[in-house]
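Remarks on the overall topology
Listed here are the chains, written in short residue letters.
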Amino acid sequence: MSDGIQPFRIEIPQADVEYLHGRLAGARWPGELPGVGWARGIPPGDLKELAEYWRTRYDWRSAEAQLNSYPQFITEIDGQRIHFLHVRSGQPGAMPLLITHGFPSSVAEFLHLIGPLVNPAAGQAFHVIAPSLPGYAFSTPLAATGWTMGRTAHAWIELMRRLGYGRYGLHGGDVGAGVSGAVAALDGDHVIGLHVVTDPLTAANTATFLPGMAGRLDANDPVDKLILDRMDAFRKEGSGYLAIQNSRPQTIGYGLADSPLLQLAWIAEKAHEWTDLPIDRDQLLTTVSLYWFTGSGATAAHTLYEQAHSSDWGGPPAVPQGFAIFGADQTARRLIPAPDDAHWTEFQRGRHFPAMEAPAQLAADLQSFFGPLQ
């Protein structure tokens, strides 16, 4: 292939799988204070059950085969190895769609979304390009400092150029939403439209980083008061994971790289806090396994540090924009700066990982938004 794009297959050595099982079997466990529940982190009982399932019942080889059923590739952009899935549709009029995951996630988040996008029973079909963010999974090792969302956006633009797509759509959530927005702002001449997903709690959490946002909200207005309360709760109780990664990624990285128990807890806690629909436990453990086998818990933390210390959050896109709000309430529209003609869809169920929680609904919304833009 041109521009140094090479086919890739996941082939984790059996010795690495057995080492993981051995580390889980010999894990040291902290004590548990009575009556604490989830208030101070994932409870030992819940984590022990999940760790035992990971060790004795989860089938990594099955997950590996599922991922390898999709065409995968690697290339080097700006000195960084980039891994991506590239699944082409056989349907006429298929649109290239670049989809980007967030934290703490991976391309495994899209395992139940790709099929409905590539081969829908009716409506708009897509050629799906799903890269692993720099420092995540097989987009490792992290080659240098400075991998902010803006730098990643430039890499994504180059990736689409190498693939020969002159026009393409964008979709993302969490960090992936930020990267997608930056791509849309930088490469508007080639972007058909931008579609992002969020939920009210994530929107409020993100608002804590926006200068002046709290000052623009009225504590006497019930909707604004709810937003302010959520922002305050995130600062006091929900942002510890981010604070340590934004300040000491190397230090937490030792634990994430060396302890499968910490890596499991680090992701499983967020899956519990940030979802309200049942998610596929095996799919979740596939993402945890990708972090563990590649040591990317540490490098993902470094990219969060980079963004926290960056002043470049991108400019406003000038392309058609769509927003899917899961677990919707009245707060989201007040927090998201969107053009008057934006495509809005509000779902009452689902939260931070809609591609895992509600892939059929998300696929339908992507079709609804991008279909008329073709």
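The rules we used
Residues numbered from 1 in each chain as written. Predicted model: local features only at pLDDT ≥ 70, side-chain atom pairs only at ≥ 80, totals over all residues. Heavy atoms only, no water. 1 Å grid on protein atoms, 1.4 Å probe; cavity = no way out; pocket = protein on both sides within 12 Å on 5 of 7 lines; lining within 4 Å. Points joined across faces, edges and corners; volume = space filled by probe spheres on them. Helix = DSSP H or I, 4+ residues; strand = E, 2+ residues; numbered from the N terminus. Nonpolar A, V, L, I, M, F, W, Y, C, P; charged D, E, K, R; others polar. Buried < 20%, exposed > 50% of the residue type's maximum accessible area, 1.4 Å probe, protein only. Axes fitted to C-alpha atoms, helices over the stretch in contact; angles between N-to-C directions. Parallel < 35°, antiparallel > 145°, perpendicular 65-115°, else oblique. Contact = heavy atoms within 4.5 Å.

Some thoughts on the layout of surface pockets
Taken as a whole, the largest pocket encloses approximately 1500 Å³ of empty space. Around the largest pocket, the lining is made up of 50 residues, and of these Met149, Asp174, Gly178, Thr206 and Trp313 lie nearest the centre. At the level of secondary structure, the elements contributing two or more residues to the lining of the largest pocket comprise helix H5 (149-162), helix H6 (175-186), strand S7 (191-198), helix H7 (200-207), helix H9 (240-247), helix H13 (296-308) and strand S8 (321-326). When residues of the lining of the largest pocket are assigned to their parent elements, the largest contribution, 6 residues, is made by H6. Grouping the constituent residues of the lining of the largest pocket by class yields 32 nonpolar, 16 polar and 2 charged.

With respect to unusual backbone geometry
Residue Pro104 follows Phe103 across a cis peptide bond; omega there is -5°. Examined against the element boundaries, Pro104 turns out to sit in the loop between strand S4 (95-100) and helix H4 (114-118). Here the amide bond leading from Thr140 into Pro141 is cis, since omega sits at 0°, within 30 degrees of zero. Relative to the assigned elements, Pro141 resides in the loop between strand S5 (126-131) and H5. Of note, the phi angle at Ala137 is positive, near 50°, even though the residue is not glycine. Backbone geometry places Asp174, a non-glycine residue, at a positive phi of 60°. For Asp174, a relative accessible area of 28% puts it in the partly exposed group.

Focus on the packing of helix H2 (residues 44-56) against helix H12 (residues 281-294)
For the pair H2 and H12, the least separation of the axes is 11 Å and the interaxial angle reads 80°. When the interaxial angle is binned, H2 and H12 end up roughly perpendicular. Together, Glu49, Leu50, Tyr53 and Trp54 of H2 and Arg281, Asp282, Leu285, Val288, Ser289 and Trp292 of H12 make up the contact between the two elements.

Honestly, it's all geometry; don't read function into it.
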